Structure formats: C-alpha cells, structure tokens
Amino acid sequence: MEGAGYRVVFEKGGVYLHTSAKKHQDPDSLIAGVVRVVEKDNDVLLHWAPVEEAGDSTQILFSKKDASGGDSCTSEDEPTFDPGYEPDWAVISTVQPRPRRSEPTRGAEPSCPRDSWAFWVSLGELKSIRRSKPGLSWAYLVLVTQAGGSLPALHFHRGGTRALLRVLSRYLLLASSPQDSRLYLVFPHDSSALSNSFHHLQLFDQDSSNVVSRFLQDPYSTTFNSFSRVTNFFRGALQPHPEGASRDLHPVPDDEPEPGFEVISCVELGPRPAVERAPPVTEEEWARHVGPEGRLQQVPELRARIFSGGLSPGLRREAWKFLLGYLSWDGSAEEHKAHVRKKTDEYFRMKLQWKSVSPEQERRNSLLHGYRSLIERDVSRTDRTNKFYEGPENPGLGLLNDILLTYCMYHFDLGYVQGMSDLLSPILYVVQNEVDAFWCFCGFMELVHGNFEESQETMKRQLGQLLLLLRVLDPPLCDFLDSQDSGSLCFCFRWLLIWFKREFPFPDVLRLWEVLWTGLPGPHLHLLVACAILDMERDTLMLSGFGSNEILKHINELTMKLSVEDVLTRAEALYRQLTACTELPHNVQEVLGLVPPAAPHSPSPPASPLPLSPTRTPPAPPLPADAAAQPDSSLEILPEEEEEDGVGS
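Residues numbered from 1 in each chain as written. Predicted model: local features only at pLDDT ≥ 70, side-chain atom pairs only at ≥ 80, totals over all residues. Heavy atoms only, no water.

**Brief notes about the side chain of Glu-434**
Phase 1: Mapping Glu-434 onto the fold places it in helix H13 (residues 434-448).
Phase 2: Among the polar contacts made by the side chain of Glu-434, one reaches the side chain of Lys-351 at a distance of 2.9 Å.
Phase 3: What Glu-434 contacts, discounting residues up to four positions off in sequence, is Tyr-347, Lys-351, Leu-399, Asp-402 and Ile-403. (Helix = DSSP H or I, 4+ residues; strand = E, 2+ residues; numbered from the N terminus. Polar contact = N/O pair within 3.5 Å; in protein donor to acceptor, adjacent residues only side chain to side chain. Contact = heavy atoms within 4.5 Å.)

**As for the pairing of strand S5 (residues 119-122)**
Phase 1: Covered by surrounding structure in S5 are Phe-119 and Val-121 together with Trp-120 and Ser-122, the residues of both alternating faces.
Phase 2: Relative to S5, strand S4 (residues 43-50) runs antiparallel, the two being bridged by four bridges. Its bridge partner being in S5, His-47 is matched across the sheet by Trp-120. (Buried < 20%, exposed > 50% of the residue type's maximum accessible area, 1.4 Å probe, protein only. Pairing = 2+ DSSP bridges.)

**Observations concerning the packing of helix H11 (residues 395-410) against helix H12 (residues 420-431)**
Phase 1: The N-to-C vectors of H11 and H12 enclose an angle of 125 degrees; their axes lie 10 Å apart at closest approach. Comparing their axes, H12 and H11 come out oblique. Two packed elements cross with a definite hand, and for H11 against H12 that hand is right-handed. In this structure, H11 uses Gly-396, Leu-399, Leu-400, Ile-403, Leu-404 and Tyr-407 to contact H12, whose residues at the interface are Met-420, Ser-421, Leu-424, Ser-425 and Leu-428.
Phase 2: Its residues placed into classes, the contact of H11 with H12 shows eight nonpolar, three polar and no charged. (Axes fitted to C-alpha atoms, helices over the stretch in contact; angles between N-to-C directions. Parallel < 35°, antiparallel > 145°, perpendicular 65-115°, else oblique. Left-handed = near helix turned anticlockwise from the far one by under 90°. Nonpolar A, V, L, I, M, F, W, Y, C, P; charged D, E, K, R; others polar.)

**Observations regarding the packing of aromatic side chains**
Phase 1: Overall, the coordinates contain 21 aromatic pairs when judged by the stated rule.
Phase 2: Geometrically, the ring pair formed by Phe-444 and Trp-517 is edge-to-face, given 5.2 Å between the ring centres and 80 degrees between the ring planes. A residue pair is termed long-range when its members are at least 10 positions apart, and Phe-444 in helix H13 and Trp-517 in helix H17 (residues 506-517) qualify at 73 residues. Of the two residues, Phe-444 and Trp-517, neither departs from the other in class, the shared state being buried.
Phase 3: Seen in terms of ring centroids, Phe-500 and Phe-504 are 6.4 Å apart; in terms of plane orientation they differ by 65 degrees. Their pairing is edge-to-face. Exposure class is identical for Phe-500 and Phe-504. Each is buried.
Phase 4: Of the aromatic side chains, those joined through ring pairs into one cluster are Tyr-347, Phe-348, Tyr-407, Tyr-410, Phe-438, Trp-439 and Phe-441.
Phase 5: Across the ring face of Trp-439, the terminal group of Lys-343 is positioned such that the distance to the ring centre comes to 4.2 Å. (Phe/Tyr/Trp six-rings, centres within 6.5 Å; stacked < 30°, edge-to-face > 60°. Lys NZ or Arg CZ within 6 Å of the ring centre and 35° of its normal.)

So, to be careful, I would describe these as geometric facts and stop short of saying anything about function.
Dropping the structure here:
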C-alpha cells in the first residue's frame, strides 16, 4: 500500500489492546486494531490504530459499558492486576501513564476508553521488545522506547508476532538475552553498525602502516594476539550505553565468563543454486566487440563475460586498462592515443619531482626518505620467485620502485603503505610498461585506497560487513567461531587488505582480480569470496574439534592451496542464494548493492490517511509480570522456534 510520501510494508489485522486489568477480559474491554510498518520519507514507523480509525468497515467502537448501559471509565473497585500472578495476557494499565519523554506534550491520559488509543513510534526510538511466553491463548509484544516508556501491549489474536519481528529485522538489529530469550534488545540496523564500534579497538589504535605490516608479515600471531580485544569489542558494540556514560571498552577480567552474542537475522535462505563458470574471453571474442573508430560495443555484455570467465592471458595487457579506468570504455582509438600521450607527460612530470631531489635535500625531508626506505625494502621481497622479478639486478624491481615513489607524489596524503607493492606487482607483470602500469595502479588504488588509510575505518567497515554476510549465510559457523573466540574474523584481515594476493598462486590472482574489477554482480564481491573460502572450510573447522589456535593455523595454511575457479563459483552461488531471498535484511541488501545506503532516520509521523495525532499518545502500560526482567548485557541469537501465536500466523 502506498500513498503520498509513505509506503506500508507490513499490515496485520486482529491486533488488540486489552483495556481491562481483570484476569478475565470481557468483549467490551478489547480494542481491535491494525498494526502497520510504514516507510515515510527517511524514517520507518510502527503504527497501531483501532479498526475504526484504521479505516476498517466494521467500525468497532472501543468503549467500555457500565452496568446501566452507559459509557464510563474503569471503576476503581474493579479487580486489578496482581504483580505476583503470571497473566494469560498483558493488559493496559489503568493507573496514571508515564508520558513519552521525547514529546512531553503528548502525555495526556485519555479521559475515557472511548478516546483513541492509536499510537505510532519511529523504529529508531525503540530500545527493546518483549515477547510473550509460549502456550498462551494468543501472543503479545511489548515495545519499550529509548525514553524508558512502554507502549500498549499488542495482542495478536490471529497470529503474526513472528511475521512482524521478521519485518522489523529488515530495519533493526535484534538480540536476545540467554537468560531471557523473550527479551530482544534493539539496535540500529545499518551496514556500518558493527564497523563503527571498532573505534575503540586497540588493534586499530596504532598507525596504519604498523597494523598492515604486522598482518602481512605474521597474520597468524597478529590475529591470535588480537582476538580477545576484538571479541570484547564486538560484544561492547551491541551493548546499550547510558546517556552520557563513557563508551570506553574495558577488558573483561579473566575470572569472569564472557557471554557471547549473536545478531538476529530472521532470514530463511532458499537452496543454493548451481553455478557454472564460462571459458575466458579470447582475443577473437574481444575483437568482435570493437566497432568503428575502435570503440568498444556491447560493453555490458563484454563485462559480464569477463565476470563469468575472466580473460585469456594474451588479452589482459589491453583489457586491464579498461577494467582499471585508465582507458574509457566508450572512447575511440584516436581518443585513447591522445589520452595516453597526456598521461605519459603527467607521469614523468611527477616522477621528476622526486628524481630531482638531491641527497642533501632528502636528508632534510624525513617523509620522502622514509617512503624511499620502506619502498626499497618491500620491493626487494615482492614476488621474487616470479621470473619477471627474480635476480639481483632485475629491471622489474627498479620499475616497481619508481612507480611507487611516483605514486607518493601523486597522492601526497596517502603516500606509501606496506602492501601496495603487492597490488602493483601483478599489474606491472601484465602491462609491462611503466606509464601504463602506474595509471592502472592508480585505478586499482581508487578502489582500495581506504584499506591503507591511517584511521583504518574502511577495514573496520569491511570486517563488519563480512561478519554480517556470514551471519546470514551460515549462523552455525558463526556460532562455532564465536565459541572459540574467533568470531571477529580478524584472520580475514590480510584477505581483504590486498584482495587475496598472498592466498592464491600468482596466475590465479590475475584471474581473481580481473573478475572483481568488473564490479559484477555487486560492489563487494570480494566479501563473498571470503565467505566462499570459509564455506569451503566449514566442515574442517567445525568437525575437527579446532580451538582458536588451530583455527588460525588452519586458515593461515590455506595459502596457495585454494582453487580460484572453485572459490569464484561458490561466491557467485552465495550471491544468487542471498538475492533470491525475499526477506533479506536491508543492511545485507546494502552490502550486496541491491539498495542504496539508508539515509539517517529523523522521526516524523506518517502522512494521511494514517490517523495520527501529533498532540496525543496512548496511556503507557506497565510491563506485564512476565515482561519485568531488565535487559541483559549478554546477547544470543533468536532461537528458531515455531510461531507462538495461539491461532498461528
């Protein structure tokens, strides 16, 4: 259902409010209504209204009759709720309600039940959701806001609590306490929710070159030594912080157990489709796409072919220039020649900037001297087993050195960080031209330069996105890794940093990169490549009784033992399996590039015809006796259980 400025994404009738505090409800104390989830502008709202206000043709009145047949408010001498008794259903409180702190002007209590009980709340204002225990006549949900107030309990007489939770999980992160599986804590559901919380992780408090260096040189011990901090970070990321309280994370004492958490996905994936990769694009096939004036034709089809099969070795030297943005896909042959002349002149002017610096000047330029020393050290050990770079006087090493130093002139802010030589080496090997290799390298760095920035925000975000994908794809594997203090996936740091350069044989890296450069089927295929590797190794990890030490050792020993075609086939199958899911959470859709990133929420009421009054709020009921428990700081995944509603969904 859509209207001006809003869209109804969920609607369920038969959702009642119980206005009587008596143990046995009479029909007149039940208010029938409709609950909706509404997208409006940049906000998502949960709205409930009586059927009369919701536009239902039954026009049920929500009044309570007295013995004489007239309307009256609840009598003070009626039996009231006994806090020590476990009720069959939650009720609306008949005592003075607590006004919503966010909008104190709405706090007036209806003078009589005939007044409207309609309410709405922005999902961003929710703090927790309590679900009724199994076995009741019908299930209910109690929503608690960040301000501390409770909205009226929603009783689903026709089922639907789980359906509503599944819809809410598209926009929110839900997590339940292991001590009370019916209490769900609510957190913002955006793709950066996890990555933002890396802010206080000591692992990333150091400068980027040191972090990168440790992961590249010794990923095993670096990852192992960092796990306790990473695990604490992820747990702290989903724990609520009191207003004004410090967010600094402190390690849990050794004598206290560390409870784990899992993020609720509420996603049921279908079967994984079979995928077959195609043969590489040949020079003859490429030539068929070259039209008049040397312009490429049917470029989307050509890119799709590169994605599904890669390129034949003889074609890479030309095709990589297009994939990396050095040459335009729609340019003519003459335009390409003019562009290359311009870029050649630009390159040598930048190269001259550092070539003309005398040794005496460099002694007073600590930054340039530091870059030169680091580059010389890294180049001397980059791909030295490859014939193109072997030998002490190999000219390829000099070209690597010159290109990387020139890049420091091109990108002053970033300069050189260890690992960049790993990205340049295959490019120079393929194009075998200094100028072409430089500009292709610049194109690659446009994709991954954030990996090398000092703040490491990009790496934090990618690790969070990888964890999110794996949580949806394989919750049992995530549970296992978390139980072994390996759930942070920090052993994937090097994979993401230099795009698996040191995990595959050199020829396989060429195939992997050209497939990833197509940008198909989405912007983060490299994350699905990481998921595919873990999926291939899941049985070994889970059935071998590995602890955290053995897990890290096993992952590190996968180097040079993986088949790129097998991994790419599985990564594409995972993508198709995810995109076939009709209830994929919104943040997962963002990672896969199916929807644009969500804009920040700004609470606002939905537009007409939803009957919302900005000057009132319904009476705020107390939590039922079975909903009185406080949120726990430790969280676990929502158990897979049948619909609790008495009538079914």
